[in-house]
Amino acid sequence: MRIFDSHAHYNDERFNGERQSIITEVLSDCVEYILNAGTNINTNNESILLAEAYPQFYASVGIHPHDTAQIIDENKTLDILRRQLTHEKVAAVGEIGLDYHYDFSDRGTQMKWFRLQMELAAEADYPVIVHNREAHGPCMDMVRAFPTVKGIFHSFSGSAETAAELIKRDWYISFSGVVTFKNANRILDVVRSVPAQNMLIETDCPYLAPHPMRGKLNRSDYLCYTAAVIAEAKGMTAEELCEITLNNAKRIYRIK
Ligand SMILES: [Zn+2]
């Protein structure tokens, strides 16, 4: 089995003290690639450092909706993002988007930075990683406003209809450990509706550890539990699902 963890946060402080040993373990097991997603200028740099330290790691750089309220100098932030984006192991702009569940940043600021970073992705020709929580309508409006930008909706929580429109637009849907939780019936219906060719799998670690590891520190080798549940819903083997989603991730992140 070969796994591409399409969205992880190994820079997170919860990995302090065991980061190196966990990364070494998951990479010596079945995990071939990991995309470490940045969320602000600092974690973007940490993601780039991980990508420099490990050949299997790639990075994304972006400002997460939660972090947009902290931006002081708009032009300076955009300049740094542009520079970070030129690093050879940066594969995407992200994570960007809208979080109307927590509303840690006001919605006008979230929207402004989502748009600015979609413009950045369009001008630099990079895929994007979208974080969407309870903002399906406005997120889809943004996707429609930038028809040349493609990307991934990570830890997908939308409807089968939203997924169908994204697929029609050549976007990818990434599923996390949430599909293994009790009461996952609704999201499993979405899983059944999405062709494997448009699917990615992710941990979003250290968060969202799948059942039966729920509550523990999540890590990329736990994706075998997530893959097993998705594969069963799709009527294929976990090996097949992992192989297809690995190749999907390499395609969207343009990894040779
Ligand atoms: Zn994330």
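Values in this document were obtained by computation on a predicted structure and should not be read as measured data. (Residues numbered from 1 in each chain as written. Predicted model: local features only at pLDDT ≥ 70, side-chain atom pairs only at ≥ 80, totals over all residues.)

Turning our attention to the overall build of the protein chain. Scanning the protein chain from N- to C-terminus turns up nine helices and eight strands. For 256 residues, the compact-globule formula gives about 18 Å, and the C-alpha radius of gyration of the protein chain, at 17 Å, lands near that figure. Counting only C-alpha atoms, the protein chain reaches 45 × 40 × 35 Å along its principal axes. For the protein chain, buried positions account for 46% of its 256 residues. The long-range fraction of contacts in the protein chain, counting pairs at least 24 apart against all pairs at least 6 apart in sequence, stands at 70%. (Helix = DSSP H or I, 4+ residues; strand = E, 2+ residues; numbered from the N terminus. Rg over C-alpha atoms; globule rule 2.2 N^0.38 Å. Buried ≥ 20, exposed ≤ 12 C-beta atoms within 10 Å, placed from the backbone. Contact = placed C-beta atoms within 7 Å.)

On to unusual backbone geometry. The step from G94 to E95 runs through a cis peptide bond, and the omega angle for that step is 5°. Position of E95 relative to the elements: it lies in strand β4 (residues 90-99). That bond from C205 to P206 is cis: its omega, 10°, falls within 30 degrees of zero. Considering the arrangement of structural elements, one finds P206 in the loop between β8 (199-201) and α8 (223-234). You will see that D125, though not glycine, has its phi angle at about 60°, which is positive. By the element assignment, D125 lies in the loop between α4 (107-124) and β5 (128-133). We classify D125 as exposed; it has 9 C-beta atoms within 10 Å. Residue D204 is not a glycine yet carries a positive backbone phi of 55°. As for its position among the elements, D204 is in the loop between β8 and α8.

With that out of the way, let us pick up the environment of L188. Mapped onto the elements, L188 comes out in helix α7 (residues 185-193). Between the C-alpha atom of L188 and that of A160, which follows or precedes it by 28 residues, the distance is 9.9 Å. Here L188 is in contact with V179 and A233, once residues within four sequence places are set aside.

Another aspect to go through is the pairing of strand β7 (residues 172-175). Of the two faces of β7, both are covered, the one formed by Y172 and S174 as well as the one formed by I173 and F175. Where strand β6 (residues 151-153) lies against β7, two bridges are found, and the strand directions are parallel. The residue bridging F153 from the neighbouring strand is I173, located in β7. Regarding the hand of the β-α-β motif, the stretch spanning β6, helix α6 (residues 160-168) and β7 is right-handed. Across three bridges, the pairing between β7 and β8 is parallel. (Pairing = 2+ DSSP bridges. Right-handed = clockwise from strand over helix to strand, strands pointing away.)

This next bit is on the sheet that holds β5. As summarised here, the arrangement of the eight strands in space is β1-β2-β3-β4-β5-β6-β7-β8, forming an open sheet in which the pairing is parallel. Whereas interior strands pair on both sides, the edge strands pair on one side only; in this sheet they are β1 (3-8) and β8. Averaged over all neighbouring strand pairs, the angle between strand axes comes to 25°, with direction disregarded. Bridging between strand β3 (residues 57-61) and β4 involves three bridges; their strand directions are parallel. For S60, the partnering residue across the bridge sits in β4 and is A92. (Axes fitted to C-alpha atoms, helices over the stretch in contact; angles between N-to-C directions.)

On domain assignment, one finds that the protein chain holds domain 1 (1-37 + 172-251) and domain 2 (60-154). Using only C-alpha atoms to locate each centre, domain 1 and domain 2 end up separated by 22 Å. With nine residues of domain 1 at the interface, the matching set in domain 2 holds eight residues. Contributions of two or more residues to the side of domain 1 that touches domain 2 are made by β1, β2 (31-37) and β7. When residues of the side of domain 1 that touches domain 2 are assigned to their parent elements, the largest contribution, three residues, is made by β7. (Domains from an automatic or database assignment.)

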